[in-house]
Amino acid sequence: MSESVSPIDPQLLEILRCPVAVHYKDRGDDPGRLELVKGCWLVSADSGYKYPIREGLPVMLVDEGKKWKDVPVEDLPVPPPPGE
């Protein structure tokens, strides 16, 4: 069974930015854009931070994104583990 509903509203994805990378001055006019990966993670190419989507809500906390920064995208758990 395939799921056709996006886990995050495309309009929300369009405006969300990585709270770390948004401050970068050397990444062009719109730093911190996020890409949806594995259907439940938001990844910033600018910072490398990775933010889980839990129960349909993006967890955009810097500490959460930093925790997953060094985990390769292919190794991110699906679904993301519960928050602490």
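Up top you'll find the structure we're talking about.
As the structure is a computational prediction, the values presented were derived from the model and not from experiment.

A. Local environment of the packing of aromatic side chains. According to the stated counting rule, one finds 2 aromatic pairs in the structure shown. Ring centres of W41 and W68 lie 4.9 Å apart, and the angle between their planes is 70 degrees; on these two criteria the pair is classed as edge-to-face. A residue pair is termed long-range when its members are at least 10 positions apart, and W41 in strand β2 (residues 41–44) and W68 in the segment after α2 (62–67) qualify at 27 residues. The two residues W41 and W68 agree in class, both being buried. Here Y49 and Y51 contribute two aromatic rings whose centre-to-centre distance is 6.4 Å and whose plane-to-plane angle is 40 degrees, an arrangement assigned as tilted. Judged by relative accessible area, Y49 falls into the buried class, the value being 10%.

The rules we used
Residues numbered from 1 in each chain as written. Predicted model: local features only at pLDDT ≥ 70, side-chain atom pairs only at ≥ 80, totals over all residues. Heavy atoms only, no water. Phe/Tyr/Trp six-rings, centres within 6.5 Å; stacked < 30°, edge-to-face > 60°. Helix = DSSP H or I, 4+ residues; strand = E, 2+ residues; numbered from the N terminus. Buried < 20%, exposed > 50% of the residue type's maximum accessible area, 1.4 Å probe, protein only.

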